[in-house]
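Chain by chain, the residues:
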Amino acid sequence: MYRYDEFDHDFLAERVAQFGDQVARRLSGELTEEEFRPLRLMNGLYLQLHAYMLRIAIPYGTLSATQLRALAHVARRYDNGYGHFTTRQNMQFNWIKLEEVPQAMADLAAAEMHGIQTSGNCIRNVTADQWAGVAPDEIEDPRVWCEIIRQWSTLHPEFSFLPRKFKIAVTGSPHDRAAVRVHDIGLRLHRNEAGEIGFEVMVGGGLGRTPYIAKTIREFLPKQDLLSYLEAILRVYNQLGRRDNIYKARIKILVHALGAEKIAELVEAEWQQMRDGALKLPQATIDAISTHFAPPDYPTRDPMPPQLMAARLRDPDFARWLRSNVAPHRVPGYAIVSISLKPEGAPPGDCTAGQMDALADLSERYSFGETRVTHEQNLVFPHVAQEHLPELWRALDALELATPNIGLASDIIACPGLDYCSLANARSIPVAQHLGQRLGALDRQHDLGNLQVKISGCINACGHHHVGHIGLLGVDKNGEEFYQITLGGSAADDASLGAILGPAVAYDKVVDTVASLVEGYVGLRENGERFLDTYRRVGAAPFKERLNAAR
Amino acid sequence: MPLVKDGALVADAWTRIADDAALPGDGAVTVSFKRWEAERSSLLGRNAPVGVFLGNTDPVEALASDLNRIGVVMLDFPKYTDGRAYSQARLLRERLGYRGELRATGNVLRDQLLFMRRSGFDTYEVDERGAAGFAASMAAVTHAYQPATNDAGMLLRRYTSARASGAK
Ligand code: SF4
């Protein structure tokens, strides 16, 4: 894991003091709310429906046990005892008091954490594959590059007042778990024909009210040129991105308006002027940062531990969890364990201070002190010895953190919706809660396999509904909550945007309707097909019929 | 507007001439990019210092061949949230090698001063609060990661053998 050096610590201390001073000037009235707004946003502080919300960056989703405990502390000391993991691998605290923010920031800084660039029209916290460093199919660890991008983008003097927010995601595996094609810039590490590793650069993806899948503007970018190329993209965007209409200000609109070829041309022209300049990455820098992400010293472990075999036979609940929540690791004898933050009937992504503390302890005992946050709002222990799986499962179960539903129908992504968000048309959380229970039951009955349901409370699409196999979007119809259903989306390597199935469904019908669509799939599926595969094969017609019958 | 240069309040030596106003016979003047384009040779022939005010969509490259004859380039922040002038500033300094005065004008607030300095600005038209808090704001964050106009930043340097000790 990346550990701060003196420079990082000194920087953050200055930044915390600077924001403390800005908060003081706001409280004294020297700064107007309008002037304060971008300053607080660049430090992760939002003004929500009921209170301030503080968003803490979890760079590329990696947490040490110390950091997890620091989050627990903030939840307990400054909030209502819990936090919320978001779809951008961040943590949000929903009940923070402005006067206490500087102290909370200082507490977090001691654990090498902050809220810098988790909001505002700047380069946001970079996200990555949650299985970085441990996925069996990985070509290269994306976290090295995320850390380099984090440093380059932190308080960037030229790109802190962009037309709009800017999100970058990096994956190092052929199987894309970081949804890179729905980001402003997606970076995919891959090998070219000469066997060298570099980046495919994709630009202009995004969800929100005008969803686009990113376009590739460069097939292969040598690694040492990453920062100069990113700077070229950002410079083109900073100068040409629209500033007259916030709904048209993202780079995806520029890419769509000018065309990917034209953008590629402009970026290339800019890049050629500076590619050999100050941003060219020396190998020494890449190596020095890489050492932070060296794999832990894995003791040799039995790849077929008898206690695992026995537990699996003895306990069907454990066997079920093993099937859904445990994935192969690149080191024999180890496993990647996903921890579901979607117990049936609970708000997706919430975690109590007690759970965070307990998870920190468990991560130290079973995962070399490391936890990851996923964009599906779950957690991961990336390095668990297979022989420890039964005891870890029991410990997680006691914390209500062993729901066996990773990637399954009840592993629903939902935005905060009307419960917290001032922009919402609809309640996302209660729908997720009820739907989770209903789909969980259907899953136990029919073994639905991988099925991604994603819910957004409004067109801003924070719940990524466009890329759900089943997507739900809250809409307002004469003051009542309705849900528009889209089918066929995906954020993975087969990325696609879902298509609207038909008229929106009323709040009290939405759970029944989705259940009926899923039952329809059960009747139509052919051997081993996921919901998405069946939908892509048979098309929308049979699902339309069910929608019309159910609503 | 108070004008800050080298950390101190200074008198403004430049007079801004509106597009429809007559040029004075002597004295340092600044004109819009439009007027510069139309009257370039007479402005340069005036035998007094001349500067140019660039809007956010005016192309900095158009000044390239005249930069050693231009005394000040003024860039505009129509709103402090509009960051286009940061790119213009860096292009002027880093790409075109401009060495003269580079002034931030418009909605220039003290909490953006650090970004401006690192992008190559050296004079600032601030409000009263900006003038009073200038030194404190400029000193708030002395550590920078990325290379920018006046410094190389520490991201690339601190890992290499040519490791620098200071943070500037
Ligand atoms: S999708 Fe809409 S309702 Fe949900 S969090 Fe985003 S802005 Fe709020």
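Shown above is the structure to which this text applies.
As the structure is a computational prediction, the values presented were derived from the model and not from experiment. Along each chain, residues carry numbers from 1 onward, in the same order as the chain's sequence is written. Chain letters and ligand numbers both follow the written order, the letters beginning at A and the numbers at 1. Only residues with pLDDT of 70 or above have their local features reported here, since the model is predicted, and side-chain atom pairs are shown and tallied only from 80 upward, although totals for entire chains, interfaces and linings are computed over all residues. To get the side-chain values, all heavy atoms of the structure are used, and hydrogens and water are removed first.

1. Remarks on the sheet that holds strand 12 (residues 334–339) of chain A
Residue and element names in this part refer to chain A.
Argument step 1. DSSP-based pairing: two strands are paired if at least 2 bridges between them are found. For the purposes of this entry, the term helix denotes a DSSP run of H or I that reaches at least four residues, the term strand denotes a run of E that reaches at least two, and both are numbered from the N terminus. Taken in spatial order, the 5 strands line up as 3-14-15-12-11 in an open sheet, and their pairing is antiparallel. The open sheet has two edge strands, strand 3 (62–64) and strand 11 (326–328), and neither has a second partner. The average angle at which neighbouring strand axes cross in this sheet is 30°, direction not considered.
Argument step 2. As judged from the 3 bridges shared by strand 11 and strand 12, these two strands associate in the antiparallel manner. Opposite valine 326, over in strand 12, you have valine 337 as the bridge partner. Axis definition: a line fitted to C-alpha atoms, limited for helices to the stretch in contact. Angles are taken between N-to-C directions and run from 0 to 180 degrees.

2. Observations concerning the pairing of strand 17 (residues 453–456) of chain A
All names here are of chain A.
Argument step 1. Under the scheme applied here, a residue whose accessible area is under 20% of the maximum for its type counts as buried, over 50% as exposed, and between as partly exposed, the area being computed with a 1.4 Å probe on protein chains only. Along strand 17, one buried face is formed by Val453 and Ile455 and the opposite face, lined by Lys454 and Ser456, is buried too.
Argument step 2. The sheet contact formed by strand 16 (residues 413–414) and strand 17 spans 2 bridges and is parallel. Bridging from a neighbouring strand, isoleucine 413 pairs with lysine 454 of strand 17.
Argument step 3. Chirality of the crossover, the property in question, places the unit of strand 16, helix 14 (residues 429–446) and strand 17 among those that are left-handed.
Argument step 4. In the sheet, strand 17 pairs with strand 18 (residues 470–477) via 4 bridges, with the strands oriented parallel. Looking at strand 18, one finds that lysine 454 is bridged to glycine 471. We call a crossover right-handed when, viewed with the strands running away from us, the connection from the first strand over the helix to the second turns clockwise.

3. Comments concerning the sheet that holds strand 8 (residues 185–191) of chain A
Residues and elements named next belong to chain A.
Argument step 1. Pairing in this open sheet of 5 strands is mixed, and the strands run 6-7-8-9-10 from one edge to the other. Of all the strands in the sheet, just strand 6 (127–128) and strand 10 (215–222) have a single pairing partner and so form its edges.
Argument step 2. Sheet analysis places strand 9 (residues 197–203) next to strand 10, joined by 5 bridges and oriented antiparallel. When the bridges of strand 10 are listed, valine 201 appears paired with arginine 218.
Argument step 3. Every residue pair with non-hydrogen atoms within 4.5 Å of one another is taken to be in contact. Across the sheet, helix 6 (residues 226–240) lies against strand 8, strand 9 and strand 10, angled at about 150° from strand 10, the strand it touches most.

4. Quick word on the pattern of salt bridges
All names here are of chain A.
Argument step 1. Every case where a carboxyl oxygen of Asp or Glu lies within 4 Å of a side-chain nitrogen of Lys or Arg is listed as a salt bridge. Counted under the stated rule, the structure contains 60 salt bridges over all chains.
Argument step 2. A salt bridge links glutamate 33 to arginine 26; the shortest N-O distance between them is 3.7 Å.
Argument step 3. Residue classification places glutamate 33 among the partly exposed positions, given a relative accessible area of 24%.
Argument step 4. Notably, a salt bridge pairs arginine 150 with glutamate 147, separated by 2.9 Å at the nearest N-O pair. Highlighted residues: arginine 150 and glutamate 147, both in helix 5 (residues 142–153), separated by 3 residues, approximately one helical turn.

5. A short note on the site of the ligand
Argument step 1. Residues in close proximity to the ligand include Cys415(A), Pro416(A), Gly417(A), Cys421(A), Leu423(A), Ala424(A), Gly457(A), Cys458(A), Asn460(A), Ala461(A) and Cys462(A), which together make up its full environment.
Argument step 2. Across the shell around the ligand, the residue classes tally to 8 nonpolar, 3 polar and no charged. What makes a residue near a molecule or strand is one non-hydrogen atom of that residue sitting within 4 Å of it. Under the convention adopted here, Pro, Cys and the residues Ala, Val, Leu, Ile, Met, Phe, Trp and Tyr are nonpolar, Asp, Glu, Lys and Arg are charged, and Gly plus all remaining residues are polar.

6. Details of the interface of chain B and chain A
By a widely used convention, the size of an interface equals the accessible area lost when the partners come together.
Argument step 1. Tallying the contact residues gives 37 residues for chain B and 51 residues for chain A.
Argument step 2. We define buried area as the total accessible area lost by two parts upon association, computed with a 1.4 Å probe and summed across both. Interface area, chain B with chain A, both sides summed: about 3,900 Å², of which 56% is carbon and sulfur.
Argument step 3. On the surface where chain B and chain A come into contact, there are 9 salt bridges.
Argument step 4. The closest approach of N and O atoms between Glu34(A) and Lys79(B), which form a salt bridge, is 3.0 Å.
Argument step 5. Mapped by element, the contributors of at least two residues to the side of chain B that touches chain A are helix 2 (84–95) and helix 3 (113–118) of chain B.
Argument step 6. With 7 residues, helix 2 of chain B is the largest single contributor of residues to the side of chain B that touches chain A.

7. Observations concerning the packing of aromatic side chains
Argument step 1. Under the pairing criterion, centres of Phe, Tyr and Trp rings, with the six-membered ring standing for Trp, must be within 6.5 Å; the plane angle then separates stacked pairs below 30 degrees from edge-to-face pairs above 60, leaving the rest tilted. Enumeration according to the criterion identifies 22 aromatic pairs over all chains in this entry.
Argument step 2. Residues Tyr535(A) and Phe543(A) carry aromatic rings whose centres are separated by 5.9 Å and whose planes lie at 50° to one another, so their mutual orientation is tilted.
Argument step 3. What makes Phe543(A) buried here is its relative accessible area of 1%.
Argument step 4. Taken together, the ring pairs connect Phe161(A), Phe77(B), Tyr86(B), Phe115(B) and Phe121(B) into an aromatic cluster.

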